[in-house]
Amino acid sequence: MSDLKRSLGEAVAAAFAAQGLPVELGRVTASDRPDLADFQCNGALPAAKVAGKPPREIAAAIVEALSGHPLLQSVEIAGLGFINLRVSARALSDRAREISADERTGAGEVAEARRVIVDYGGPNVAKPMHVGHLRASIIGESVKRIYRFRGDQVLGDAHFGDWGFQMGLLIVACCDEDPFVRTLMERLTGTALPSLSDQTQVMGALADHIDLPLLDRLYPEAAGRAKTDVDYRDRARRATAELQGGRLGYRLLWQHFVKVSRVALEREFHALGIDFDLWKGESDVDGLIDPMVHELDAKGLLANDQGARVIHLARPGETKKKKAADGTVYEAPSPDPLLVVSSEGSAMYGTTDLATVLDRSRTFAPHLILYCVDQRQADHFEQVFRASYLAGYAEPGSLEHIGFGTMNGPDGKPFKTREGGVLKLHDLIEMTRAKARERLQEAGLGGELEPAEFEDTAHKVAVAALKFADLSNYRGTSYIFDLDRFSSFEGKTGPYLLYQAVRIKSLLRRAESERLEPGRISIVEPAERELAMLLDAFDTALIEAYDKKAPNFIAEHAFKLAQSFSRFYAACPILQAGNEATAGSRLALAVTTLKQLELALDLLGIETPERM
Ligand code: ARG
């Protein structure tokens, strides 16, 4: 099944070919002037250069060849030689019927499915999630769904940050905080595992002493202190190396951190409609690191750098300006080398990422790995990707950083709480939910719902507000967090889209109670035309979102579709259409619109309530 743009594109390309002109000039796009045309082709202008003839003459020949085409009502030359195409009501009705009969409402699939990993979310043990993680989660979830919907075999992985320096920091902080924990850690210094019952006992004792609120308090304190206190930082570095070296007490303490954090994080993610297929952590590749370092060494890729081991990545001539401590500017190789083993012997952030590429290639052999991570980590990924290609762990080009801007506060800087701290995801959700309740009440919505359903609706409105605000921008741009605007039922917002979807649902319930059945679609009125054209444009939006890894194309489509429905509903009565055929046709259009709107929203990770 092919959309109108593709079918017309083929017809126009054939007309170009028949004139001996390059077929790619026959490309068709949606018209900039929907009042004049549905589609346009601008190819006569470049073709004029190729053929050495005036553009209007070329356009005239194409128009001549296309006139009478069964899909077209008219084909005309405009301006300098643009070709304007208008689809016939008959062709549009046929296409609308086809979309309405299709489970996927006209959305196509990839010709060849690939294995894809989406690495997103990236929460860390005990470190509170900040707004960067919120964006990583929202965008990553949507990209995962878009890829899966197009037919690829996709795994989403949280890539839990559970193995770096912050683990050493937390270990030190817990030992300083609690004498019992310190004593226990001093006893369990070896690497041999005690009996299972001893382990269970230790874990039980740790659970009595260390809970999430404590970790939430300790981590920022420790991180702050390590910035200025060199001894403290060194202790944390040593603890990190010892943890990775297998020191038993630290391992058990670490297991406890991971468990406590993960339960809470999974709950929050789930509330946001974000569910990972794999919840792997940096620590999962621990066993691969030693052999990997050996192998990298054997391949001659490792160099010594003041006691650390690094991989040089810059190609000859690739440099950037750097400033030395004394202020002199010099040219240094760029990108920086990847730090594989620190001088304390620890695996670093880049080491675990490199080993994870290796692990993924062995276990899943992905064609593509997409890393949905804050744009500020672009340099890190450039390093990891180059190192992976050099080591032969991934095909060049198969690793891609899907970077994004930040969600900012009114000051234009990454969003913070009023006290200046990082905003916890949990608090953000709570705050948005409270706002959603207020908005519903203020709009006079949800009044007849039972308390539990009202809560569920408010939650869905909140999630839609957050996600749509994020996904309606191109991911590269930063945006300002403005809850009042995001949660409004008017304008380009998630709640507006839910409201339109719920309106259709209630219309369908009324139709059912009046025993009106959807019938054969026929497109007559201008508002019906506009709606049918949009239904047809879904696949174009989907492909664009897929190719550019940019959900905003779907968000834009969903918004236009909802608006177009609203105009259609105002102009074309359904239950009062006056005759059964018209009512049935319009009802079928409404059913199809709802189906496509819900599909599009689902690709954004947004669920619609039944009522408001
Ligand atoms: N945990 C990291 C952070 O908070 C993000 C992880 C992103 N994914 C990755 N493969 N490095 O910054």
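Preceding this section is the structure that the text describes.
Residues numbered from 1 in each chain as written. Predicted model: local features only at pLDDT ≥ 70, side-chain atom pairs only at ≥ 80, totals over all residues. Heavy atoms only, no water.

A. Spotlight on the overall build of the protein. Along its length, the protein carries 22 helices and 15 strands. Projected onto the principal axes, the alpha-carbon positions of the protein cover approximately 85 × 65 × 45 Å. Put simply, the protein has 612 residues, and 53% of those count as buried. Sequence-distant contacts, at least 24 apart, represent 75% of the contacts inside the protein between residues at least 6 apart. Split by element, the accessible area of the protein, about 27,600 Å² in all, is 51% carbon and sulfur. Side chains of the protein give 73 positive and 87 negative charges; the mean places of these two sets differ by 2 Å. (Helix = DSSP H or I, 4+ residues; strand = E, 2+ residues; numbered from the N terminus. Buried < 20%, exposed > 50% of the residue type's maximum accessible area, 1.4 Å probe, protein only. Contact = heavy atoms within 4.5 Å. Areas by Shrake-Rupley, 256 points an atom, 1.4 Å probe, with all protein chains shown as cover. Lys, Arg positive; Asp, Glu negative; His and termini not counted. Charge placed at Lys NZ, Arg CZ, Asp CG, Glu CD.)

B. Expanded view of the packing of aromatic side chains. For the coordinates displayed, the defined rule picks out 17 aromatic pairs. Note on Phe 276 and Trp 279: the rings are 5.4 Å apart at their centroids and 80° apart in plane angle, and the pair reads as edge-to-face. Of the two residues, Phe 276 and Trp 279, both sit in the buried class. Relative to Tyr 499, the ring of Phe 489 lies with its centre 6.4 Å away and its plane at 70°, an arrangement referred to as edge-to-face. Placement of Phe 489 in the loop between helix H17 (483-486) and helix H18 (494-513) and of Tyr 499 in helix H18 is noted, with a sequence separation of 10 residues between them. By relative accessible area, Tyr 499 is classed as partly exposed at 30%. Positioned above the aromatic ring of Tyr 546, the side-chain terminus of Arg 150 is 5.0 Å from the ring centre. Seen from the ring of Tyr 250, Arg 247 lies directly overhead, with NZ or CZ sitting 4.1 Å from the centre. (Phe/Tyr/Trp six-rings, centres within 6.5 Å; stacked < 30°, edge-to-face > 60°. Lys NZ or Arg CZ within 6 Å of the ring centre and 35° of its normal.)

C. Summary view of the site of the ligand. Surrounding the ligand, one finds Asp 119, Gly 122, Asn 124, His 133, His 159, Tyr 349, Asp 353, Tyr 371, Val 373, Gln 377 and Phe 381. Here Asp 119 contributes a side-chain N or O atom positioned 2.9 Å from a nitrogen atom of the ligand. Protein coverage of the free-state accessible area of the ligand, which is 350 Å², stands at 90%. (Near = heavy atom within 4 Å. Polar contact = N/O pair within 3.5 Å; in protein donor to acceptor, adjacent residues only side chain to side chain.)

D. Just the pairing of strand E4 (residues 82-87), in detail. Along E4, five of the six residues are buried, which leaves the element largely enclosed by surrounding structure. Sheet topology places strand E3 (residues 72-78) next to E4; six bridges connect them, and they run antiparallel. Of the residues in E4, the one forming a bridge with Ser 74 is Arg 86. Taken together, E3 and the strand that follows it, E4, pair antiparallel across an intervening segment of three residues, in which Gly 79 is found at a positive phi of about 55°. (Pairing = 2+ DSSP bridges.)

E. Fine view of the pattern of salt bridges. What the rule picks out here adds up to 46 salt bridges. For Arg 251, the salt bridge identified is with Asp 286, shortest N-O distance 3.4 Å. Of the two residues, Arg 251 sits in helix H11 (residues 248-271) while Asp 286 sits in helix H12 (residues 286-298), which places them 35 residues apart along the sequence. For Arg 251, a relative accessible area of 22% translates into the label partly exposed. Of the charged contacts in the structure, one is a salt bridge between Glu 530 and Arg 567, with a shortest N-O distance of 2.6 Å. Taken together, the positions of Glu 530 in helix H19 (residues 526-536) and Arg 567 in helix H21 (residues 552-571) put the pair 37 residues apart, joining distant regions of the chain. Here the residues in one salt-bridge network are Glu 141, Lys 144, Arg 145 and Asp 602, joined through shared partners. (Salt bridge = Lys/Arg side-chain N within 4 Å of Asp/Glu carboxyl O.)

F. The arrangement of the environment of Ser 88 in detail. Structurally, Ser 88 is set in the loop between E4 and helix H4 (89-101). Judged by its relative accessible area of 11%, Ser 88 is buried. When the C-alpha positions of Ser 88 and Ile 523 are compared, they lie 9.7 Å apart, and in sequence the two are 435 residues distant. Apart from residues no more than four positions distant in its own chain, Ser 88 is found in contact with Pro 70, Leu 71, Leu 72 and Gln 73.

G. The arrangement of the packing of helix H10 (residues 230-245) against H11 in detail. For the pair H10 and H11, interaxial distance at closest approach is 8 Å and the crossing angle is 95°. Our classification of the angle between H10 and H11 gives roughly perpendicular. Contact residues: Ala 239, Glu 242, Leu 243, Gln 244 and Gly 245 in H10; Tyr 250, Arg 251 and Trp 254 in H11. In the contact of H10 with H11, the residues fall into four nonpolar, two polar and two charged. (Axes fitted to C-alpha atoms, helices over the stretch in contact; angles between N-to-C directions. Parallel < 35°, antiparallel > 145°, perpendicular 65-115°, else oblique. Nonpolar A, V, L, I, M, F, W, Y, C, P; charged D, E, K, R; others polar.)

H. Expanded view of the sheet that holds E3. Here four strands make up an open sheet; going across it, the order is E1-E2-E4-E3 and the pairing antiparallel. At either margin of the open sheet sits one strand with a lone partner, and together these are strand E1 (29-30) and E3. Here three bridges tie strand E2 (residues 39-41) to E4, and the two strands are oriented antiparallel to one another. Looking at E4, one finds that Gln 40 is bridged to Asn 84.

I. Representation of H10 in the model. The end-to-end C-alpha separation of H10 is 22 Å, in line with the 22 Å expected for 16 residues at 1.5 Å each. Considering only its buried residues, H10 is in contact with helix H6 (165-177), helix H9 (212-228), H11 and H12. Once H10 finishes, Gly 246 follows within two positions and takes phi at roughly 105°, a positive value. (Expected span 1.5 Å × (residues − 1).)

J. How the structure looks around the sheet that holds strand E11 (residues 338-341). Taking strand neighbours across the sheet as the criterion, the three strands line up as E7-E8-E11 in an open arrangement whose pairing is antiparallel. Either end of the sheet is taken by a strand with one partner, and the two such strands are strand E7 (302-305) and E11. Each neighbouring strand pair of the sheet contributes to a mean axis angle of 45°, computed without reference to strand direction. Looking at chain direction, E7 and strand E8 (residues 308-311) are connected through four bridges and run antiparallel. Bridge pairing in E8 links Asp 305 to Ala 308.

K. Inspection of the side chain of Asn 84 at higher detail. As for its position among the elements, Asn 84 is in strand E4. Classification of Asn 84 as buried rests on a relative accessible area of 11%. Excluding its chain neighbours within four sequence positions, the residues that come into contact with Asn 84 are Leu 36, Ala 37, Phe 39, Gln 40, Ser 74, Val 75, Glu 76 and Ala 78.

L. Spatial organisation of the environment of Ile 171. Mapped onto the fold, Ile 171 is located in helix H6. The class for Ile 171 is buried, based on a relative accessible area of 0%. If near-sequence neighbours (up to four positions away) are discounted, Ile 171 is found in contact with Ala 239, Leu 243, Tyr 250, Leu 253 and Phe 257.

M. Unusual backbone geometry, seen in detail. Residue Pro 335 follows Ser 334 across a cis peptide bond; omega there is 0°. Along the chain, Pro 335 falls in the loop between strand E10 (329-333) and E11. Non-glycine residue Gln 306 carries a positive phi angle of around 50°. Among the secondary structure elements, Gln 306 is positioned in the loop between E7 and E8. Under the relative-accessibility criterion, Gln 306 is labelled exposed at 77%. A positive phi angle is found at Lys 549, which is not glycine, with a value near 50°. Positionally, Lys 549 belongs in the loop between helix H20 (538-548) and H21.

Just geometry here; none of it tells us what the structure is for.
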